[in-house]
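# Architecture at a glance
Now for the letters of each chain:
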Amino acid sequence: MGAFKRILVFVGVIGGLVGLIGCESKQSKTEETQVVHVKLGVVGDSNEVWEPIIEKLQEEKIEIELVKFSDYTQPNIALENGDIDLNAYQGYVLMDEFNKTQGGHLTAIGETVLNPIGLYSDSFLSVAEIAEGSEVAIANDPVNAARGLLLLQSAGLITLDYKEGTNPTVDSISKNPKNIKIIELEAAQTARSLSDVGASAINVFMALDAGFIPKDDAIFIEPVNEDSKPYYNIIVAREENKNNPIYKKIVDAYRTDESKQLIDKLYKGSVLPLW
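Residues numbered from 1 in each chain as written. Predicted model: local features only at pLDDT ≥ 70, side-chain atom pairs only at ≥ 80, totals over all residues. Heavy atoms only, no water.

### Quick look at the pattern of salt bridges
- Tallied over the full model, the rule gives four salt bridges.
- Salt-bridge contacts for K229 lead to E111; the nearest nitrogen and oxygen are separated by 3.8 Å. Of this pair, K229 sits in the loop between β11 (220–221) and β12 (232–238) while E111 is found in strand β4 (residues 106–114), placing the two residues 118 residues apart along the sequence.
- The class for K229 is partly exposed, based on a relative accessible area of 44%.
- Close ionic contact of R147 with E222 constitutes a salt bridge, the shortest N to O distance being 2.7 Å. On the criterion of sequence distance, the pair formed by R147 in helix α5 (residues 142–154) and E222 in the loop between β11 and β12 is long-range, its members being 75 residues apart. Each member of the pair, R147 as well as E222, carries the same accessibility label: buried. (Salt bridge = Lys/Arg side-chain N within 4 Å of Asp/Glu carboxyl O. Helix = DSSP H or I, 4+ residues; strand = E, 2+ residues; numbered from the N terminus. Buried < 20%, exposed > 50% of the residue type's maximum accessible area, 1.4 Å probe, protein only.)

### Concerning empty space enclosed by the protein
- If you walk through the whole model with that rule in mind, you get two cavities of 30 Å³ or more.
- There is about 380 Å³ of room inside the largest cavity.
- Lining the largest cavity are 29 residues; nearest its centre among them are Y89, Q90, N115, F205 and N233.
- Listed by contribution, the elements that provide at least two residues to the lining of the largest cavity are β3 (86–91), α4 (92–102), β4, α5, α7 (204–209), β12 and α10 (257–267).
- In terms of residue count, the dominant contributor to the lining of the largest cavity is β3 (four residues).
- Considered class by class, the residues forming the lining of the largest cavity number 19 nonpolar, nine polar and one charged.
- Here the second largest cavity is characterised by a volume of approximately 80 Å³.
- Contributing elements (two or more residues each) for the lining of the second largest cavity: β6 (135–139), α5 and β10 (199–202). (1 Å grid on protein atoms, 1.4 Å probe; cavity = no way out; pocket = protein on both sides within 12 Å on 5 of 7 lines; lining within 4 Å. Points joined across faces, edges and corners; volume = space filled by probe spheres on them. Nonpolar A, V, L, I, M, F, W, Y, C, P; charged D, E, K, R; others polar.)

### A short note on unusual backbone geometry
- Not every positive phi belongs to a glycine, and K61 is a case in point at roughly 60 degrees.
- Along the chain, the position of K61 falls in the loop between α2 (50–58) and β2 (62–69).
- Overall, the relative accessible area of 32% leaves K61 in the partly exposed class.

### What about the sheet that holds β10?
- Taking strand neighbours across the sheet as the criterion, the five strands line up as β9-β6-β10-β5-β11 in an open arrangement whose pairing is mixed. Bordering the open sheet on either side are β9 (181–185) and β11, each of which pairs with just one other strand.
- Relative to β9, β6 runs parallel, the two being bridged by five bridges. The residue of β9 that forms the bridge with A139 is L185.
- Lying on the sheet, α5 is in contact with β5 (118–120), β6, β9, β10 and β11; it crosses β6 at an angle near 140 degrees. (Pairing = 2+ DSSP bridges. Contact = heavy atoms within 4.5 Å. Axes fitted to C-alpha atoms, helices over the stretch in contact; angles between N-to-C directions.)

### Examining helix α9 (residues 245–254)
- Looking at α9, one finds that the buried residues are Y247, I250, V251, A253 and Y254. Buried residues in α9, looked at end-on, bunch into an arc of 165 degrees, giving them a common side. For α9, the exposed residues lying more than 90 degrees away from the buried face are P245 and D252.
- A side-chain oxygen of the first residue of α9 lies 2.8 Å from the backbone nitrogen of I246; this N-cap is N244. (Arc of directions from axis to C-beta. Polar contact = N/O pair within 3.5 Å; in protein donor to acceptor, adjacent residues only side chain to side chain.)

### Examining the packing of aromatic side chains
- This model, assessed by the stated rule, comprises five aromatic pairs.
- Taken together, the ring pairs connect W50, Y254 and W275 into an aromatic cluster. (Phe/Tyr/Trp six-rings, centres within 6.5 Å; stacked < 30°, edge-to-face > 60°.)

### Here we look at the environment of L66
- By the element assignment, L66 lies in strand β2.
- The exposure class assigned to L66 is partly exposed, which follows from its relative accessible area of 24%.
- For the pair formed by L66 and E51, sequence separation is 15 residues and the distance between their alpha carbons is 9.9 Å.
- Residue contacts for L66: discarding those within four places in its chain leaves L40, V42, N47, W50 and I54.

### Observations regarding the packing of α2 against α9
- Close contact between α2 and α9 brings their axes to 10 Å; oriented N to C, the two are set at 130 degrees. One way to sum up the angle between α2 and α9 is to call them oblique. In the crossing of α2 with α9, the sense of the turn from one axis to the other is right-handed. Counted together, W50, I53 and L57 of α2 and K249, I250, A253 and Y254 of α9 form the full contact between these two elements.
- Of the residues belonging to the contact of α2 with α9, the class tally is six nonpolar, no polar and one charged. (Parallel < 35°, antiparallel > 145°, perpendicular 65-115°, else oblique. Left-handed = near helix turned anticlockwise from the far one by under 90°.)

Following this line, the structure appears as structure tokens:
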């Protein structure tokens, strides 16, 4: 091989190496700047606690999109089907019910808050004032209907007879001294129905969306005790993603002192952090 040809080969090799280094450098830079997009299902419009969390996670190249739902069924269906990546709106009892009845594969990856539900009324100032034959609204999905009935039992309005480990239904009412009429509505309608019923059992966030401060405005609040754990709110993923490191970062970003202070400020003690 002549000297000129050897020079051409050498230049070609060097050029190829430079090209490879350039490609590798470009690829590394792309990987370093890649943003992970996570769709998180929520219910209602009171999601201010997520705002600083979303902003903070952007620094770690995690972009959270809040996907809002108006009922308690669709967020689990959407998660199971892969339309969203996580949801954060429910307790263990609702997730377990979905997995059992719908053949779901959902799992909790972190506990967030406890939202005691309350009984509200535009007509009566206390439970004792609720009149004979009054209509009382509860949510119509099985889990929240059961929770509403248990609230009415705690308030002394009804007595339930049901097998432990199952959800009581209206048919479980064994005593109803005031002959109240239970009206089952979509969860989003429980607050809107107040002008039409004597009282209504309303989820904390539905109440907040309606302008109530639960601790101040409810005529009765769900007791918090050792039986409350099934109602602990959780961040939920599909089982296949339970160890996803990105999702764990989202849980950790939620469970901070900053979030706790914001929750107390936003909800005035009506929502209880679980860390």
